[in-house]
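Listed here are the chains, written in short residue letters.
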Amino acid sequence: MECEWKPDEQGLQQILQLLKESQSPDTSTQRSVQQRLEQLNQFPDFNNYLIFVLTKLKSEDEPTRSLSGLILKNNVKAHYQNFPNGVSDFIKSECLQNIGDSSPLIRATVGILITTIASKGELQNWPELLPKLCLLLDSEDYNTCEGAFGALQKICEDSAEILDSDMLDRPLNVMIPKFLQFFKHNSPKIRSHAIACVNQFIISRTQALMLHIDPFIENLFALATDEEPEVRKNVCRALVMLLEVRLDRLLPHMHNIIEYMLQRTQDHDENVALEACEFWLTLAEQPVCKEVLCGHLSQLTPVLVNGMKYSEIDIILLKGDIEEDEAIPDNEQDIRPRFHRSRTVAQQHEGDGIEDEDDEDDELDDDDDTISDWNLRKCSAAALDVLANVFRDDLLLHILPLLKELLFHPEWVVKESGILVLGAIAEGCMQGMILYLPELIPHLVQCLSDKKALVRSITCWTLSRYAHWVVSQPPDIYLKPLMTELLKRILDSNKRVQEAACSAFATLEEEACTELVPYLAFILDTLVFAFNKYQHKNLLILYDAIGTLADSVGHHLNKPEYIQMLMPPLIQKWNQLKDEDKDLFPLLECLSSVATALQSGFLPYCEPVYQRCVNLVQKTLAQAMLHQSQPDQYESPDKDFMIVALDLLSGLAEGLGGTIEQLVARSNILTLMYQCMQDKMPEVRQSSFALLGDLTKACFQHVKPCIADFMPILGTNLNPELISVCNNATWAIGEISIQMGPEMQPYIAMVLHQLVEIINRPNTPKTLLENTAITIGRLGYVCPQEVAPMLQQFIRPWCTSLRNIRDNEEKDSAFRGICTMISVNPGGVVQDFIFFCDAVASWVNPKDDLRDMFCKILHGFKNQVGEENWRRFSDQFPMPLKERLATFYGV
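Residues numbered from 1 in each chain as written. Predicted model: local features only at pLDDT ≥ 70, side-chain atom pairs only at ≥ 80, totals over all residues. Heavy atoms only, no water.

Colleague: How do you make sense of the overall build of the protein chain when you look at a structure like this?
Modeller: Looking only at helices and strands, the protein chain has 50 helices and zero strands in total. Reported as C-alpha extents along the three principal axes, the dimensions of the protein chain are approximately 95 × 65 × 65 Å. Sequence-distant contacts in the protein chain: of pairs separated by 6 or more residues, those separated by 24 or more amount to 75%. Within the structure as shown, the protein chain displays about 39300 Å² of accessible surface, and the carbon and sulfur contribution to it stands at 52%. For the protein chain, the distance from the average site of its 77 positive side-chain charges to the average site of its 126 negative ones is 1 Å. (Helix = DSSP H or I, 4+ residues; strand = E, 2+ residues; numbered from the N terminus. Contact = heavy atoms within 4.5 Å. Areas by Shrake-Rupley, 256 points an atom, 1.4 Å probe, with all protein chains shown as cover. Lys, Arg positive; Asp, Glu negative; His and termini not counted. Charge placed at Lys NZ, Arg CZ, Asp CG, Glu CD.)

Colleague: How should the side chain of Lys811 be read in this particular structure?
Modeller: Among the structural elements, Lys811 can be located in helix H46 (residues 809–824). Lys811 sits in the buried class, given a relative accessible area of 0%. Excluding residues within four positions of it along the chain, Lys811 makes contact with Leu802, Arg803, Ile805, Arg806, Ser842 and Trp843. (Buried < 20%, exposed > 50% of the residue type's maximum accessible area, 1.4 Å probe, protein only.)

Colleague: Help me understand the confidence of the model for the protein chain in this model?
Modeller: For any part of a model where pLDDT is low, the fine detail of the predicted coordinates should not be relied upon. Per-chain confidence: the protein chain averages 89 in pLDDT, with 96% of residues scoring 70 or above. In this model, residues 352–372 is a region of pLDDT below 50 whose contacts with residues beyond four sequence positions or in other chains number 44 contacts. (pLDDT = per-residue confidence, 0-100.)

Colleague: Looking at this structure, how should I read the packing of H46 against helix H48 (residues 848–865)?
Modeller: Relative to each other, H46 and H48 sit at 35°, their axes nearing to 10 Å. Considering how the two elements wind past one another, H46 and H48 form a crossing that is left-handed. Of the residues in H48, those touching H46 at Asp812, Phe815, Arg816, Cys819, Thr820 and Ile822 are Asp849, Leu850, Met853, Phe854 and Ile857. (Axes fitted to C-alpha atoms, helices over the stretch in contact; angles between N-to-C directions. Left-handed = near helix turned anticlockwise from the far one by under 90°.)

Colleague: Just checking my understanding: could you explain a negative patch on the surface for this structure?
Modeller: A cluster of like negative charges, contributed by Glu510, Glu511, Asp544 and Asp551, occupies part of the molecular surface. Listing elements by their share of the negative patch, those giving two or more residues are helix H29 (495–512) and helix H31 (536–553). If you trace the backbone, Glu511 turns up in helix H29. In this structure Glu511 comes out as partly exposed when scored by relative accessible area, which is 33%. (Patch = residues over 30% accessible without salt bridge, like charges linked within 9 Å, V, L, I, M, F, W, Y side chains within 5 Å. Salt bridge = Lys/Arg side-chain N within 4 Å of Asp/Glu carboxyl O.)

Colleague: What am I meant to see in H29 here?
Modeller: Owing to its 3.6 residues per turn, the α-helix aligns residues three or four sequence positions apart on the same side. Its 18 residues place the ends of H29 25 Å apart at the C-alpha level, agreeing with the 26 Å of an ideal helix rising 1.5 Å per residue. For H29, the tally of buried residues reaches 15 of 18 residues, placing the bulk of the element in the interior. Where H29 starts, the residue carrying a side-chain oxygen 2.8 Å from the main-chain nitrogen of Arg496 turns out to be Asn494. Two residues or fewer past H29, Cys513 is found with a positive phi of approximately 45°. (Expected span 1.5 Å × (residues − 1). Polar contact = N/O pair within 3.5 Å; in protein donor to acceptor, adjacent residues only side chain to side chain.)

Colleague: How do you make sense of unusual backbone geometry when you look at a structure like this?
Modeller: For residues other than glycine, phi is negative in most cases, and the peptide bonds are mostly trans. Positive phi, close to 50°, is recorded for Arg205, a residue that is not glycine. Secondary-structure assignment places Arg205 in the loop between helix H11 (188–199) and helix H12 (207–210). In this structure Arg205 comes out as partly exposed when scored by relative accessible area, which is 46%. Here Asn763, not a glycine, exhibits a phi torsion of approximately 60°, which is positive. Turning to its location among the elements, Asn763 is positioned in the loop between helix H42 (748–759) and helix H43 (766–782).

Colleague: Can you help me understand the packing of aromatic side chains in this one?
Modeller: The relative placement of two aromatic rings is captured by the distance of their centres and the angle of their planes. On inspection of all chains with the given rule, the structure shows 23 aromatic pairs. On the basis of an interplanar angle of 25° and a centroid distance of 6.2 Å, the ring pair of Tyr674 and Phe710 is categorised as stacked. On the criterion of sequence distance, the pair formed by Tyr674 in helix H37 (residues 669–676) and Phe710 in helix H40 (residues 707–716) is long-range, its members being 36 residues apart. Using a relative accessible area of 33% as the deciding quantity, one classes Tyr674 as partly exposed. Ring centres of Trp798 and Phe815 lie 4.9 Å apart, and the angle between their planes is 65°; this geometry places the pair in the edge-to-face category. Taken as a pair, Trp798 in helix H45 (residues 791–802) and Phe815 in helix H46 lie far apart in primary sequence, 17 residues in all. Both residues of the pair, Trp798 and Phe815, belong to the buried class. (Phe/Tyr/Trp six-rings, centres within 6.5 Å; stacked < 30°, edge-to-face > 60°.)

Colleague: What am I meant to see in the nonpolar core here?
Modeller: Generally speaking, a soluble globular protein has its nonpolar side chains buried in company with each other. Ranked by internal contacts, the top residues of the largest apolar core, which has 315 residues, are Trp280 and Phe602. Looking at which element gives the most residues to this core, the answer is helix H35 (residues 640–656), with eleven residues. Non-local contacts of Trp280, meaning those with residues more than four positions away in its chain, are made with Ile258, Met261, Leu262, Thr265, Leu293, Leu300, Leu304, Ala383 and Leu387. Counting residues in hydrophobic clusters, the runner-up holds five residues, among them Tyr310, Ile315, Leu318 and Val413. (Core = buried A, V, L, I, M, F, W, Y, C linked by side-chain atoms within 4.5 Å.)

Colleague: So what exactly am I meant to see when it comes to the pattern of salt bridges here?
Modeller: Inspection of every chain in the model, using the stated rule, returns 38 salt bridges. With a shortest N-O distance of 2.7 Å, Arg107 and Glu146 are connected by a salt bridge. With Arg107 in helix H6 (residues 104–122) and Glu146 in helix H8 (residues 142–158), this pair connects stretches of sequence that are 39 residues apart. Both residues of the pair, Arg107 and Glu146, belong to the buried class. The shortest N-O distance in the salt bridge between Arg377 and Glu416 comes to 2.8 Å. In this pair, Arg377 sits in helix H21 (residues 376–391) while Glu416 sits in helix H23 (residues 412–424), placing the two residues 39 residues apart along the sequence. A relative accessible area of 1% places Arg377 in the buried class. Connected via shared salt-bridge partners are Arg107, Glu146 and Lys189.

Colleague: Can you walk me through the environment of Asn375 in this structure?
Modeller: With respect to the secondary-structure elements, Asn375 resides in the loop between helix H20 (312–317) and H21. The exposure class assigned to Asn375 is buried, which follows from its relative accessible area of 4%. In sequence terms Asn375 and Asn271 are 104 residues apart; their C-alpha atoms lie 8.5 Å from each other. Once you skip the residues sitting within four places of it in the chain, Asn375 turns out to touch Glu270, Leu274 and Asp314.

Colleague: Sorry if this is basic, but what is going on with the environment of Ala151 here?
Modeller: Assignment of secondary structure puts Ala151 in helix H8. With relative accessibility at 1%, the residue Ala151 sits in the buried group. Separated by 196 residues in sequence, Ala151 and Gln347 have C-alpha atoms that sit 54 Å apart. Each residue touching Ala151, except ones within four places of it in the same chain, is listed here: Ile99, Gly111, Ile114 and Leu133.

Colleague: How should the environment of Gly547 be read in this particular structure?
Modeller: Tracing the backbone shows Gly547 in helix H31. The exposure class of Gly547 is buried, given its relative accessible area of 5%. Note: C-alpha distance between Gly547 and Ser593 (46 residues apart in sequence) is 5.2 Å. Leaving out residues up to four positions away in the same chain, Gly547 has contacts with Cys590 and Ser593.

Colleague: Looking at this model, I keep getting lost on the side chain of Glu509. Mind explaining?
Modeller: Inspection of the secondary structure puts Glu509 in helix H29. Other than its neighbours up to four places away in sequence, Glu509 contacts Leu516, Ala545, Thr548, Leu549 and Ser552.

Colleague: Even after reading the chapter, I still don't get the packing of H42 against H43, so can you show me in this structure?
Modeller: For any two helices packed against each other, one specifies the crossing angle of their axes together with the interaxial distance. Look at H42 against H43: their axes get within 10 Å of each other, and the N-to-C directions meet at 140°. In terms of their interaxial angle, H42 and H43 are classed as oblique. Crossing handedness for the pair H42 and H43: left-handed. Taking contact as the criterion, the partners of Ile748, Val751, Leu755, Val756, Ile758 and Ile759 in H42 are, on H43, Leu768, Leu769, Thr772, Ala773, Thr775, Ile776 and Leu779. (Parallel < 35°, antiparallel > 145°, perpendicular 65-115°, else oblique.)

And the structure:
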């Protein structure tokens, strides 16, 4: 055994001085402390001093000792692999000796240090750790037992996967039965640790726990009414997770569990209530929900509704008593990072605009963003929302009597919760609500001018949940008054109301689309006025409302007087923002929508916008290359700048079409795209393929020389694991083939097999299937000899995926391709001819020459098989299909 390490007195004083200084609130002191710590890290035994202060220097105050341990934890995180053996051994032995320190703060710090060392891959190299901690659990001394349990809980949280693997000889077979023994311990803190440890292994269905699942559940039931809130919280959390993974084991007790969770959702400790409330959210996802819950709805509904009121503390945190705050600048920390949704190319369907596969904007998190994000109010509202979707109008029986009382209540907090309830059930109970909306909507429009800001803001949200119905009614009765009042709220003197009104208005725009055209001047007036009124955070939401407006009314925005109102403030902001300002994201997204809508109207603004986008891409790529070659010298760039810039370039190409040609000619955008298409970040590739497709449509003469370089890259990106990348690459290949014509021939082999594989893959998203079918059709249109031999392998999924999309150019070229291939290889379609008939019948009015192609194939097939066989074949057709084919094609 080497002799015990001793600190040098002078060195120790230096470090203590540093620890004291680092507790100072002054930022410049903080900075110099950071620098000194970095310097000290050069000395191998610096970390010995830190552990010494934590575990041995009992004369120091606890916060200083704990801080020393936390600095050591950061060093372990960053440099552990460089610690000399002597140092790491000293730290490990000190930790294990002091896990039972009499101070809870020091115990917790040592526990954090232990789990940090363990998660650096050290569980394998510290074989005595787990046995030792498990042994310490049996100590008579409370501090030792609690400290060891605290450390074990942190290890179970951080290293659950490795604990349940063969790497460590399966310690859980010993640990889990051991933990279960402590569920009955007389200390609430220990009981709580024990459940928390086992809870880490429920979701992963860890074998060692599944073997003891029944005693585990019995033990949970025994603790159901524990006097310690932390224990009740962990019991609730366990039951919520078991509901997901071992419903079979809970079902026999389901009636009692539901009764129990009803009690806990009303627990006077909000943390317990919140954990219990999650139960209803999880139960709603289970197929048995309706059956097991229907008898309890009358009890559950008032509990959830009651949980939707603001608590006193919420109102204080939300500054609910401050009505006017529009002049107060935003706290920059409150502004959430925005995530840019990269462009995905999608098809139009019958009877609607573009369908969003994932319409996340409508979720229940639109209200009160800023407080502790998840609370009982939000959870209760989310639970009511999902349950409304399960029970539909059966839930209304229980809600309506409550709503009448809430919506007209004199206390604003109660009335506000009623308006939230009305919004939460909008999706699930829509059918049953229709009866009441003619009187409710006008009442809500009145609430938009309530004197309480929190009532006005929630009303904006709830009205947006009924926007679909409002738009389906005669505009003068509901849409016009709603829009007029919402526009006033966009100019509210309260920032939260401004934000809620802007978001609600964006939803209304999406639903109303061109219904808004008559009111455009009025709408733009308000939005432009808000530009000069808004503080930072809401400005970002305003961009979104403007972009959505452009998406919704399209070319109707292209009128000189509208352009004159809208463009100057946007361009002014554009000129103010620096290249590294993240506010560019929402502004670029907004401009992208505006450019697409204005088309030729955007020409005067086009050149500087184009130039800056190309610059942003170039800057980001250059920075990425520097970072790659010298990672210590250069930070990695934020690639979102490049993604958003590529997307705006796509918007320009789509809006301006051929007029973008000169700008492309004068820039190196194709070279930059070649780099972006090979970027390791999928979103960069996704956006570059969208731009490639748009430039192919707008000015192919500049793209054509690069095709030999681009096609192999497109081929390697046909990987359906990355849906959006694959989707945009597929679409671009289709656009390129239309421009290339027969010259596409050398590239068919690079892409055809992957495309046929994708179209036959189960569970492929609709958008990807449609784009794949269109591209296969287009390849067959320009190179029938190469593609037709594979007809039989794709004809069936091809027909089913294209029958629902609208007549358009893309569908037209794809169907011409399929007809051409059928004439080359008629045998390839014989077995699936009924699907072809169905796809042909999905056309509303094909161009004359395409109709002739259909006719020729249908009659050719009929003549080939003979009258008798054709009759037997067409008898399998559903009636509408039979009628359409007879009317349009005479078969």
